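So you can see what is in the structure, the chains are spelled out below.
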There are 4 protein chains.
Amino acid sequence: MSSFFSGLDPVRYDPEATGIAFRHYDADKVVMGKPLKDHLRFAVAYWHSFAADGSDPFGAGTFGRPWFGDSMEDARQKADAAFEMFRILGQPFFCFHDHDVRPETNDLRENHKRLNEIADIFETKMSETGTGLLWGTANLFTHPRFMAGGATNPDPEVFAWSASTVRSCLEVTHRLKGENYVLWGGREGYESLLNTDMAQDLDHYGRFLSMVVEHKHKIGFTGQILVEPKPQEPSKHQYDHDVATVYGFLRRYGLEDEVKVNVEQGHAILAGHSFEHEIALARDLGILGSIDMNRNDYQSGWDTDQFPNNVPEVALAYYEILKGGGLAPGGTNFDAKLRRQSIDAEDLIAAHAGAMDICARGLMAAARMFEDDALEAPRRDRYAGWSDELGRAIMAEDATLSGIADRAEADGLSPAPKSGRQEILENIVSRYV
Amino acid sequence: MSSFFSGLDPVRYDPEATGIAFRHYDADKVVMGKPLKDHLRFAVAYWHSFAADGSDPFGAGTFGRPWFGDSMEDARQKADAAFEMFRILGQPFFCFHDHDVRPETNDLRENHKRLNEIADIFETKMSETGTGLLWGTANLFTHPRFMAGGATNPDPEVFAWSASTVRSCLEVTHRLKGENYVLWGGREGYESLLNTDMAQDLDHYGRFLSMVVEHKHKIGFTGQILVEPKPQEPSKHQYDHDVATVYGFLRRYGLEDEVKVNVEQGHAILAGHSFEHEIALARDLGILGSIDMNRNDYQSGWDTDQFPNNVPEVALAYYEILKGGGLAPGGTNFDAKLRRQSIDAEDLIAAHAGAMDICARGLMAAARMFEDDALEAPRRDRYAGWSDELGRAIMAEDATLSGIADRAEADGLSPAPKSGRQEILENIVSRYV
Amino acid sequence: MSSFFSGLDPVRYDPEATGIAFRHYDADKVVMGKPLKDHLRFAVAYWHSFAADGSDPFGAGTFGRPWFGDSMEDARQKADAAFEMFRILGQPFFCFHDHDVRPETNDLRENHKRLNEIADIFETKMSETGTGLLWGTANLFTHPRFMAGGATNPDPEVFAWSASTVRSCLEVTHRLKGENYVLWGGREGYESLLNTDMAQDLDHYGRFLSMVVEHKHKIGFTGQILVEPKPQEPSKHQYDHDVATVYGFLRRYGLEDEVKVNVEQGHAILAGHSFEHEIALARDLGILGSIDMNRNDYQSGWDTDQFPNNVPEVALAYYEILKGGGLAPGGTNFDAKLRRQSIDAEDLIAAHAGAMDICARGLMAAARMFEDDALEAPRRDRYAGWSDELGRAIMAEDATLSGIADRAEADGLSPAPKSGRQEILENIVSRYV
Amino acid sequence: MSSFFSGLDPVRYDPEATGIAFRHYDADKVVMGKPLKDHLRFAVAYWHSFAADGSDPFGAGTFGRPWFGDSMEDARQKADAAFEMFRILGQPFFCFHDHDVRPETNDLRENHKRLNEIADIFETKMSETGTGLLWGTANLFTHPRFMAGGATNPDPEVFAWSASTVRSCLEVTHRLKGENYVLWGGREGYESLLNTDMAQDLDHYGRFLSMVVEHKHKIGFTGQILVEPKPQEPSKHQYDHDVATVYGFLRRYGLEDEVKVNVEQGHAILAGHSFEHEIALARDLGILGSIDMNRNDYQSGWDTDQFPNNVPEVALAYYEILKGGGLAPGGTNFDAKLRRQSIDAEDLIAAHAGAMDICARGLMAAARMFEDDALEAPRRDRYAGWSDELGRAIMAEDATLSGIADRAEADGLSPAPKSGRQEILENIVSRYV
Ligand SMILES: [Co+2]
Ligand SMILES: [Co+2]
Ligand SMILES: [Co+2]
Ligand SMILES: [Co+2]
Ligand SMILES: [Co+2]
Ligand SMILES: [Co+2]
Ligand SMILES: [Co+2]
Ligand SMILES: [Co+2]
């Protein structure tokens, strides 16, 4: 098995390297009082790196990894390969679905038994290597039983199946000291409104999430519970559309203090937002939990999950994160897959190493902007009026429409436009990236 | 003035007509116990019909109406033309912004005085003709003072100006017995996150809306307060992105029982939703207030505000409305504009008449589907499990994840997929449209 | 095998039926001098109906047909099922890829042998049932060897493999009296410009297509050679982007009189066009060959290949076809697949029957519009000036810029805008659909 | 007038500056044997910088420049301001439409007289300052007479008007030693297919372009004639959709050796392409003429024409240009406008200076990649097979499908997939940008 990555040495920080190396990601370099590794908290995604086969809607798998297969022996070999790659990359975390790490059956107890068997292996390897679990999750979307949803399936048996599966995954995550538990509802939504009862579905979904929160407390799991927004794909409409939608949902079911979001770049773009928008909004609503780092092809309409390669974009995302106090206990999970033609082991290592460098450059640029007060000083100036008398009067508890209106009329207000200085601010950012 | 529409007779219901006529919209025809006119509650939009000039970002105005100009005399001539058109169309309602009906100045009191002067004219004409006001609204987006927002402007003076303006418009709406008051926040959002403080903006916006609600009650206005979602355009990001976003916002500021939404077809599409989705979601969240009927070009990325012309689409929208008990006190406002090349008076009448027919056909098809239980019967079947024992157990107040999980495991559940029958349901719909 | 469709009777024309039936498609009904079946020339797509398994990028197959498997025996069972379904639907044609009808190996000669073995079966069944072949095609996109293209692969061995495969498929199509041969270049394009040489790729592609044309003539195949445009998916960029792009490509390689296009609704939409636009453009450029009928979800960004369900849209497409003199020797191929949740045999029959009805309604509406001269009369009026003196002078062979400019200046021209009457024309269309 | 830019000094190259400066654009720095200024050939766009007023479809103008007005005196003041800004920026070129530089009337001869009067002023100022004209063009889209097209108007009088206007603009461009003449057909297309005759329109458009080419030769203009592709906006569909569409059009009318394209970043994106794709395609088709540099908001659907701010994107564009031998006689025209809120003179200068820096960084990064053979070496390797025996045999003049197919079968070919190395190539690019 180790032969798969043979010839690939651990990736080192070496700005002058000619082959695969970190040219920017110096894990222990201190920025804003913390080493880069603690800012970025990189995680490798088991699914894209070890389970995906390179297939797409028009083509068969191209990756043909030696561990592909349906047996527990294959699953163990896969785990060996995974930790071999973690050793090469040296990233602090990984993430997984139950479905990624062991073959699935139609028997819940057998599924849980198998999951725990692999978890035993993970536990040993994690303690040997120091690799941590950023988050665990259950795959409630691949198997045909989930085709009409997990928690929002018209058949309550699927809800019950999902409850059992999530309990198992949450408990394994707890045992492996995962710092978060994620729910991505790829099938929680609809293909056609014609056969859907949204009102019921939302209530079922609210119930499901409430149960997960209750169980988390029951077992003493102190990690974050995170929902991952995505507007569509595989469903036509997904109930966790974007950050704002999830926020409204959490408020509706009284979960806004218990559940946060895992924001993904590609999903932000599919929803018509920038990544930094979704991060900033989640932060301002108090629900920023973690990020899935990747990128989407702006010219395609589906979730391409590519490795990031644009420093200016990544810098703006980390800037909003730094403003919010950083990612922990969340992290930067590479929810990114190799392109279908990138079939070599070297591609897998190089893609992650390059992405880690892009993130490091983005984070360091963001930190410099932040430390220089380069964006916050002009922002404070722009909103200064809200700290003055009129601004305070408007926000005073007893302010009324008539009170403010009377005042505006009495003062003969005629406010003059002031430049928003967008291009100048963009120029400032360009100096850093 | 009346010469503008000269030669254009009142539009009559006549299925066999060769010229402009209602071929389907028989206002008094009773469907599901109510005349069509009371189901549809059509309104003409003052802005598109009487204020817009046919310009676009690459071209000057083409409409050249006789009443165009900046004087109060022009405004009065415009009002004459408007009520002349209402007489020709016979629709029960209209809608307006302050900016549409009178020239604007930099003096708040003068603006209010002028608005009231035109309102006097409206009052007389409305009582003469029986035309009602579906809703009034304030234009807080055209004037340069609003370029960085109204309630969410970094300058609190603009908030104060907006408060005075909305008070004036709300009171005029009240005086004219408007059944709703709408807020569309075209500039409540941002052009660049770099110069924006979303956290502050949202608080200011929440405060503004709360003040409007407080004032509504103070003056005894019993109409609905409605927010109109739109994801972007003119802003890059608008805070009232879509129905789900507005819902979360209302919950955050405790306004979910006071404020509803005015859902527009074109805005739904810009946000990546179908019109029927946004209507159904608003209904299920308890905040469906009214609709802006138009259509968007699916091949363009901006808000084309075209007159509707596709019965199958419109039928699905009205179906969701009928399921929710109908539109009143909301209505069907044609937030639709003539294409830039449609410069004749006849175009204006024909466009509205054709759109009213499309809506009538859609509504009647929806009513037949509803009365036949054509979609609801299969939907109830599909969700039947939730009324059975397992479904009730899951939704019981004391249900826990472990309880349900234990049960699933003990019962050896292995749920079998059932067909979603989407194409069959689409075939059923096709029989009606 | 026949048990798969057991209980499903041949679909009959019966406007009053309660179950699956043609409510509008009366195959022998004469419209504009021809029976509907000869206008529409329906074909069933082997791939979506018999080979697809309901999987998507996030989910495993859900269809589980009895004939799924990798043996020739499975392939024969699949052929039985296919012709059983053709008997139930009664449509005149089908279409297939080599890959759909027989298992594929890594040996070209074995692949051809197997294809011919199935073709023997087809030949018998076709002669028994009267079902014809609208077109055949080769699948040059599913197998990993094609991951970087077929004719445009950087490896010329893949070009050679593709040449052998297309020869085999073209000859089988010829033997089965196929009326067309289609090339869809799903992998003829690129994933990344960074590793692509477009100039070479285009020359290789031009060469490939030229060879196919040469071979067609050599073997006496008199059907049409068609390229199917699609902008992207599976590739990031496909060289056959849209009709206009294919036209330029054909001109570049001198193939514009030899090759036409197969226009698909879903691909038109992905390329930012309406279906009727692509059809009209192909017709006006002299390269309209056939159509793939389906629909795309306007709210998604990928190729959803749904069954059509919107008569007004379909009517506009058939209108442009009728204006061009009809489809033959092309036809209406349902390149449409069941939604992943539509797992029953009944779904497959109902979806096709419903789609055939939608097309029949669209075609009949289009025919009435055409016979009434409802759109052509106003169009001729609008362009009448081009038949007058000035219009003819401009288009005269010896016209020059200076000649026309001098004349415009001398005549003191100041052309007045005339209404484009778009809404009125849309109203006219609405009377027919 | 000069007071508008007062306080704004000429922008200097100073990497350490704190205010507005070129931090990267050192005009005379030699890269690949040429000074940066000769690589980049920057031009300022008269329309966005001096004529645009900051209005958008929902808002009135915000810029209020002192030279706004309808008189020739205003036009002269505008010219003063323009050349004052050119002095501050020091860029070598500018571009203009007739409509930007002088007020327009309904009298062709008066329009031409006015244009020539301003051209006199330009001539003097250009010779004083050394600023050159990159290209001139005629505005055939703003005035209502063009609402249904210029050359493709259903009314041939508008064609004739357009011919006179383009003759005048082409001759002024010639007199001012413009290096190119551009046609952007914003209204050459349609709003509705229902009232359009594409076949006629295309013939009229072909005739128009042929006349322009003929006149160019007649007057001895040796600059390039360029068409600027754009898919839509203002029209629903524009005939110059994208580079591939224009290429097919040029071939159809025999103009492919006479006319090239001016490729705009924002238009590429609207058409679903990357900027580098459109540039590379134009280059490979032999029709790359010049570029309009800007950027589009990926989250909006309209043409935002923002100043570029992303070095990695710009670098890829210049890379394709360098591969094609550079831009001359084309250049880099900033078809970019200030955001509506950027109302100050300083915004105008800073936006251009920042954009010039972005381009300089992109060009220098591209040049290093090119000189290092960083992308070309792996690309040559990937396509090496086409220089070998099989590749040459395929492309040999007498190659046939059967010949290649026989050979593939005889050789028992079974080509093995090779990695496309996309992520590794992206990593390589990241080292340079
Ligand atoms: Co993710
Ligand atoms: Co994703
Ligand atoms: Co609206
Ligand atoms: Co709108
Ligand atoms: Co197709
Ligand atoms: Co398709
Ligand atoms: Co341009
Ligand atoms: Co543009």
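These numbers come from a predicted model, not from an experiment.

1. What about the UniProt feature "binding site: Mg(2+) 1" (unreviewed entry) in chain A?
Residue and element names in this part refer to chain A. Under the UniProt annotation, "binding site: Mg(2+) 1" (unreviewed entry) lies at Glu228, Glu264, Asp292 and Asp335. Over a stretch of 108 residues, the named residues converge on one spot in the fold, their C-alpha atoms separated by at most 11.7 Å. Its location among the elements puts Asp292 in strand β11 (residues 288-293). Mapped onto the elements of the fold, Asp335 is located in the loop between β12 (332-334) and α12 (345-371). With residues near it in sequence (within four places) discarded, Asp335 still touches Ala45, Trp47, His48, Glu228, Glu264, Asp292, Met293, Asn294 and Asp305. Reaching out from Asp335, the side chain makes a polar contact with the side chain of His48 at a distance of 2.8 Å.

2. Side note on the relation of the copies chain A and chain C
In the superposition of chain A on chain C (RMSD 0.0 Å, axial shift 0.0 Å), the rotation amounts to 180 degrees. One copy is carried onto the other by what is essentially a two-fold rotation axis. For chain A, the minimum C-alpha distance to the rotation axis belongs to A:Gly301 and amounts to 1.8 Å. Both copies share a contact surface, since 100% of the interface residues of chain A are interface residues in chain C too.

3. Some points on the coordination of the cobalt ion (ligand 7)
Residues and elements named next belong to chain D. Looking at the cobalt ion (ligand 7), the protein donor atoms are Glu228 (OE), Glu264 (OE), Asp292 (OD) and Asp335 (OD), and they sit 1.9 to 2.1 Å from it. Coordination at the cobalt ion (ligand 7) comes from four donor atoms whose angles at the metal span 85 to 160 degrees, giving a geometry best classed as irregular. If you list the donors of the cobalt ion (ligand 7) from N- to C-terminus, the spacing comes out as E-x35-E-x27-D-x42-D. Between the cobalt ion (ligand 7) and the cobalt ion (ligand 8), both coordinated by Glu264, there is a metal-metal distance of 4.5 Å. With Glu264 in strand β10 (residues 259-264) and Asp335 in the loop between β12 (332-334) and α12 (345-371), this residue pair connects regions lying 71 residues apart in the sequence.

4. So, the pattern of salt bridges
Residues and elements named next belong to chain A. Per the stated rule, a full pass over the model turns up 128 salt bridges over all chains. For Glu110, the salt bridge identified is with Lys113, shortest N-O distance 3.8 Å. Here Glu110 and its partner Lys113 are both found in helix α5 (residues 108-129), three residues apart, which amounts to about one turn of the helix. Judged by its relative accessible area of 26%, Glu110 falls in the partly exposed class.

5. Notes on the sheet that holds strand β4 (residues 93-97) of chain C
Residue and element names in this part refer to chain C. Within the closed barrel, the eight strands sit side by side as β3-β4-β5-β6-β8-β10-β11-β12. Their pairing is parallel. Taking the axes of each pair of neighbouring strands and ignoring which way they run, one obtains an average angle of 30 degrees across the sheet. Pairing geometry for strand β6 (residues 180-183) and strand β8 (residues 224-227), over four bridges, is parallel. Note that in β8 the partner of Val182 across the bridge is Leu226.

6. Things to note about the domain arrangement of chain A
Residues and elements named next belong to chain A. Domain annotation for chain A reports domain 1 (2-371) and domain 2 (376-432). The partner domain 2 presents four residues to the six residues of domain 1 that form the contact. Interface area, domain 1 with domain 2, both sides summed: about 520 Å², of which 59% is carbon and sulfur. Between Glu376 and Lys323 there is a salt bridge, with the nearest N and O atoms lying 3.5 Å from each other. Applying the counting criterion to the domain 1 and domain 2 interface returns three residue pairs in polar contact (both at pLDDT 80 or more).

7. Quick word on empty space enclosed by the protein
Size it by volume and the second largest cavity reaches roughly 640 Å³. Looking at the second largest cavity, it is lined by 31 residues, and the ones nearest its centre are B:Glu276, B:Glu313, B:Leu316, C:Arg295 and C:Asn309. Class assignment for the residues of the lining of the second largest cavity results in eleven nonpolar, eleven polar and nine charged.

8. Comments concerning the packing of aromatic side chains
All names here are of chain A. Counting across every chain of the model gives 114 aromatic pairs over all chains. On the numbers, 5.6 Å between centres and 70 degrees between planes, the contact of Phe96 with Phe122 is edge-to-face. Taken as a pair, Phe96 in strand β4 (residues 93-97) and Phe122 in helix α5 lie far apart in primary sequence, 26 residues in all. Overall, the relative accessible area of 2% leaves Phe96 in the buried class. Residue Phe122 is classed as buried on the basis of its relative accessible area, which comes to 1%.

9. Focus: the environment of A:Ala336
Residues and elements named next belong to chain A. Examined against the element boundaries, Ala336 turns out to sit in the loop between β12 and α12. It is 19 Å that separates the C-alpha atoms of Ala336 and Leu363, two residues lying 27 residues apart in sequence. If we ignore the near neighbours within four places in the chain, the residues touching Ala336 are His48, Met293, Asn294, Asp305, Gln306 and Phe307.

10. Structural notes on the interface of chain D and chain C
Between chain D and chain C, the contact holds 94 residues from the first and 95 residues from the second. Applying the counting criterion to the chain D and chain C interface returns six salt bridges. Among the ionic pairs, C:Arg167 bridges to D:Glu409, the shortest N-O distance being 3.1 Å. Here chain D is connected to chain C by 43 residue pairs in polar contact (both at pLDDT 80 or more). Here the side of chain D that touches chain C gets 13 residues from one element, more than from any other, and that element is helix α7 (residues 198-219) of chain D. Of the residues that constitute the side of chain D that touches chain C, the class distribution is 46 nonpolar, 23 polar and 25 charged.

11. Focus: the sheet that holds strand β11 (residues 288-293) of chain B
Residue and element names in this part refer to chain B. Read once around its circumference, the closed barrel built from eight strands follows the order β3-β4-β5-β6-β8-β10-β11-β12, with strand pairing classed as parallel. Recorded for the sheet is a direction-independent mean angle of 30 degrees between the axes of neighbouring strands. Set on the sheet, helix α11 (residues 311-323) makes contact with β11 and β12 (332-334); between it and β11 the angle comes to about 165 degrees. Sheet strands touched by helix α12 (residues 345-371): β3 (42-45), β11 and β12. Its angle to β12, the strand with the most contacts, is close to 150 degrees.

Conventions used here
Residues numbered from 1 in each chain as written. Chains lettered and ligands numbered in written order. Predicted model: local features only at pLDDT ≥ 70, side-chain atom pairs only at ≥ 80, totals over all residues. Heavy atoms only, no water. UniProt positions renumbered as here; feature names shortened; annotations may be inferred. Helix = DSSP H or I, 4+ residues; strand = E, 2+ residues; numbered from the N terminus. Contact = heavy atoms within 4.5 Å. Polar contact = N/O pair within 3.5 Å; in protein donor to acceptor, adjacent residues only side chain to side chain. Least-squares fit on C-alpha atoms with pLDDT ≥ 70 in both. Donors = N, O, S within 2.8 Å, 3.2 Å for Na, K, Ca; no water. Tetrahedral: all angles 85-135°; square planar, octahedral: opposite > 155°, others 65-115°. Salt bridge = Lys/Arg side-chain N within 4 Å of Asp/Glu carboxyl O. Buried < 20%, exposed > 50% of the residue type's maximum accessible area, 1.4 Å probe, protein only. Pairing = 2+ DSSP bridges. Axes fitted to C-alpha atoms, helices over the stretch in contact; angles between N-to-C directions. Domains from an automatic or database assignment. Buried area = accessible area lost by both parts, 1.4 Å probe. 1 Å grid on protein atoms, 1.4 Å probe; cavity = no way out; pocket = protein on both sides within 12 Å on 5 of 7 lines; lining within 4 Å. Points joined across faces, edges and corners; volume = space filled by probe spheres on them. Nonpolar A, V, L, I, M, F, W, Y, C, P; charged D, E, K, R; others polar. Phe/Tyr/Trp six-rings, centres within 6.5 Å; stacked < 30°, edge-to-face > 60°.

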